[in-house]
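Spelled out from the first residue to the last, the chains are:
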Amino acid sequence: MAIKKFVVGSFNDEAVLFPAVKKVRRAGYKIHDVYTPFPIHGLDKAMGLKDTSLDTAGFIYGITGTATAVGFISWVFTYDWPLNIGGKPHFSLPAWIPITFELTVLFSAVGMVLTFCYLCQIAPFVKKDHFNLRSTDDLFVMALECTSKTNENDAVAFLQSLGAMDVKVERKEAGWWLGRYDHETKMFEAKEEVAATV
Amino acid sequence: MALLRYESQVRAPLIVGDKDYHQVTEDICRPVEAAPTRAWWIGFLISVAFLTFGIVSVTFEVIYGVGQWNLNKTVGWGWDITNFVWWIGIGHAGTLISAILLLFRQGWRTGVNRAAEAMTIFAVMCAGQFPIWHMGRVWMAFFVLPYPNTRGPVWPNFNSALLWDVFAISTYFTVSLLFWYSGLLPDLATLRDRARLKWRKMFYGVASMGWTGSTKHWQRFETLALVLAGLSTPLVLSVHTIVSFDFATSVVPGWHTTIFPPYFVAGAIFSGFAMVQTLLVITRKVLNLQDYITIEHIEVMNKVIVLTGSIVGIAYLTELFVAWYGANPYEWYAFKENRLNLNSPYGWSYWIMMGCNVLSPQIFWFRKMRRSLLVTFFMSIIVNIGMWFERFVIIVTSVYRDYLPSAHSVYYAPTIWEVGFYMGTFGLFFTCYFLFAKFFPVIALAEIKHILKRSGENYKKKMDEVEHESVEEFAEVHGHDHGA
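Cut-offs and rules
- Residues numbered from 1 in each chain as written.
- Chains lettered and ligands numbered in written order.
- Predicted model: local features only at pLDDT ≥ 70, side-chain atom pairs only at ≥ 80, totals over all residues.
- Helix = DSSP H or I, 4+ residues; strand = E, 2+ residues; numbered from the N terminus.
- Rg over C-alpha atoms; globule rule 2.2 N^0.38 Å.
- Buried ≥ 20, exposed ≤ 12 C-beta atoms within 10 Å, placed from the backbone.
- Contact = placed C-beta atoms within 7 Å.
- Nonpolar A, V, L, I, M, F, W, Y, C, P; charged D, E, K, R; others polar.
- pLDDT = per-residue confidence, 0-100.
- Arc of directions from axis to C-beta.
- Domains from an automatic or database assignment.
- Axes fitted to C-alpha atoms, helices over the stretch in contact; angles between N-to-C directions.
- Parallel < 35°, antiparallel > 145°, perpendicular 65-115°, else oblique.
- Left-handed = near helix turned anticlockwise from the far one by under 90°.
- Expected span 1.5 Å × (residues − 1).

### Structural notes on the overall build of chain B
Right, on to step 1. Helix and strand content of chain B: 17 helices and zero strands.
Right, on to step 2. Computed over its C-alpha atoms, the radius of gyration of chain B comes to 24 Å, within 12% of the 23 Å expected for a compact globule of 484 residues.
Right, on to step 3. Seen along its three principal axes, the alpha-carbon backbone of chain B occupies a region of about 80 × 50 × 45 Å.
Right, on to step 4. When the 484 residues of chain B are sorted by exposure, 49% land in the buried category.

Structural data, given as structure tokens:
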């Protein structure tokens, strides 16, 4: 995959991060991502991210569970093997409410968690890069993606002017699977492009 | 927008001391990253010893059958189903704290939710043991599941409260586990990024599943947490409702009451909070987390205990009144002769229940008592003893005297193997809890950081001066515009 360049800056306060995000977007830079140690309400809106539709998916999984439970129990008790239980009707919907409810919740919860993992592309043994290890501790790390029009030095200076600390240019192979857990063992060397000398 | 961050001085801080984000990480990760202490080893080994005793007891039961227990003709459910309902009830407080209080936006839950959710999972694991091993031929336990079989296929009875239980408990366990673990991911990622040792990097790397803290991921994470909380809230109420149906849908005098579902749910939350107190009063001391699990947290939970204890008390009295007012002689006999009468074989258990669950929690009307760690710890044990006796009273005193005097069974007392099984689940519970407290952060790191600037002591002090400023002035200085 292609190697991409990122300008990475860290903020130590979300109150500095918010105006910075707005100004960076207004200046026309492309924000690759902002990594934060905890959810910051409103940051997704500030970055211009769309709302997630995970809740809609949860609803669809839920009604799938409802339909599965009602359909299956009806089939079993009215068609496949009708049991005479104390002379009560074979199709006894009120008695099925508990199981129907439980399966609704089960399908919805399991489905949503799996969808969450799929959308975020997370799974055991997946390694990812988030530029700065302290972004899971106390720093708010903003990564700008350098496009063909971006002047790195300007971008670095711009981030610094917005209050970012420790701003640097990093080269990464693009792709969600790229990553490492620590800086000591780099999986991918950031190779400098060397001009041919011959 | 910005003003939502402000919290009045009237509310006590939830995080004590001069903390910043990094200090929070340090404080909460320290017990995980340090070598296990001597106290940890002692506690862990005692738990494993109990667990071993439980395994031996269960092995005897499997080899020789349920006859190893002292169950008899009418008392078919003795200690084991008492213990089952007791453990399931304990689990409920964890879900209440993590789900219902999330929906109610209660900031104090962040200090205790992770440990309480873990407690839920371990308690449900313990509870599940009892019906499973009570089956006798446990290798046929899978018969309860509706799977295509060569016997017809004969399906389980979907109209039976016992099958509802199978679905309720297994769903409850699965959903609680998913909720707990998805919430743990960011904290495991923090441990992964702090790790120095190779095995730690690998362990937390695999466990955190590649969490990065990307804004988009947080957005989905919050939606997931909110919807799972919304699902867990009716789920937790349904679970104990369905457990109470095991009794309430029967025609046994003493069980045949419509008040059971709400009464069981209130009792479950009551006993669950008592267990949370037992665990956290010790955890905060041993792991030195008094700054995060403060006296305020303890006091709030004691308020929940006095509230739910009083609901349970009302339920006992209502049940008693209706048994008399209903004019069913069998029902009234079950209450008057089997329970109220102190001279009856099990009369003592009814009065232990009343004393522990209804009278003793009233001490928490006094602020001084609510804020005393010693009283809290003592009461948490008393409440759990009382709630165990509640289930014992319901189960045993309702069935030990059947309709005909000839079926009035001999006195039911457990054998050593029944007691051993119960002790064994304590071993299982505490073994799991000790491992959890050693390898996972017992406090939700990300959530604490989220409320730090609103409820942290040093930040609240800074807010003190702005309380006198005008709203516009305050927003100008301290707010930041969240608008896109």
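### Points about the overall build of chain A
Right, on to step 1. Looking only at helices and strands, chain A features five helices and four strands.
Right, on to step 2. Going from the N terminus to the C terminus, chain A shows its helices and strands as β-α-β-α-α-α-β-α-β.
Right, on to step 3. For chain A, restricting intrachain contacts to residue pairs at least 6 apart in sequence, the fraction spanning at least 24 positions comes to 78%.

### Side note on the interface of chain B and chain A
Right, on to step 1. Across the contact, 56 residues belong to chain B and 62 residues belong to chain A.
Right, on to step 2. Looking at the side of chain B that touches chain A residue by residue, the class counts come to 26 nonpolar, 22 polar and eight charged.

### Re the confidence of the model for chain A
Right, on to step 1. The predicted model of chain A has a mean per-residue pLDDT of 83, with 86% of residues at 70 or higher.
Right, on to step 2. Segment residues 176-191 of chain A: pLDDT under 50, and 26 contacts once partners within four positions in sequence are set aside and those in other chains are kept.

### Focus on helix 6 (residues 198-207) of chain B
In an α-helix, one full turn covers 3.6 residues, which means residues spaced three or four apart are oriented alike.
All names here are of chain B.
Right, on to step 1. Within the span of helix 6, buried status applies to Lys201, Tyr204 and Gly205. Viewed along the axis of helix 6, the buried residues span an arc of 110 degrees, placing them on a single side of the element.
Right, on to step 2. Looking at the buried positions of helix 6, the neighbouring elements they touch are helix 5 (161-194).
Right, on to step 3. Directly beyond the C-terminal end of helix 6, a positive phi value near 55 degrees is found at Met209.

### Quick notes on the domain arrangement of chain A
Right, on to step 1. Partitioning chain A into structural domains gives domain 1 (3-48 + 127-173) and domain 2 (54-120).
Right, on to step 2. Computed from C-alpha coordinates alone, the two centres of domain 1 of chain A and domain 2 of chain A are separated by 45 Å.

### A short note on the packing of helix 4 (residues 109-134) of chain B against helix 14 (residues 416-439) of chain B
Residue and element names in this part refer to chain B.
Right, on to step 1. With their axes 9 Å apart at the nearest point, helix 4 and helix 14 run at an angle of 155 degrees to one another. Judged by the inter-axis angle, helix 4 sits roughly antiparallel to helix 14. Here helix 4 runs over helix 14; the crossing is right-handed. Packed against helix 4, whose contacting residues are Ala118, Phe122, Ala123, Met125, Cys126 and Gln129, the element helix 14 presents Thr425, Leu428, Phe429, Cys432, Tyr433 and Phe436 at the interface.
Right, on to step 2. When the residues that make up the contact of helix 4 with helix 14 are grouped by side-chain class, the tally is 10 nonpolar, two polar and no charged.

### Looking at the environment of Arg11(B)
Right, on to step 1. Tracing the chain through its elements places Arg11(B) in the segment before helix 1 (21-33).
Right, on to step 2. In this structure the C-alpha to C-alpha distance between Arg11(B) and Lys368(B), which are 357 residues apart in sequence, comes to 18 Å.

### Some points on unusual backbone geometry
Residue and element names in this part refer to chain B.
Right, on to step 1. The phi dihedral of Arg105 is positive, around 55 degrees, even though this residue is not glycine.
Right, on to step 2. Residue position: Arg105 is located in the loop between helix 3 (79-103) and helix 4.
Right, on to step 3. Phi angles above zero are rare outside glycine, and Ala327 is one such case at about 60 degrees.
Right, on to step 4. Turning to its location among the elements, Ala327 is positioned in the loop between helix 9 (295-325) and helix 10 (329-340).

### Digging into helix 1 (residues 14-26) of chain A
Residues and elements named next belong to chain A.
Right, on to step 1. Between its terminal C-alpha atoms helix 1 stretches 18 Å, which fits the 18 Å expected from 13 residues at 1.5 Å a residue.
Right, on to step 2. If you follow the buried residues of helix 1, they end up packed against strand 1 (3-11), strand 2 (30-35), helix 2 (43-47) and strand 3 (140-145).
Right, on to step 3. In the segment just after helix 1, Gly28 is the residue with positive phi, at about 95 degrees.

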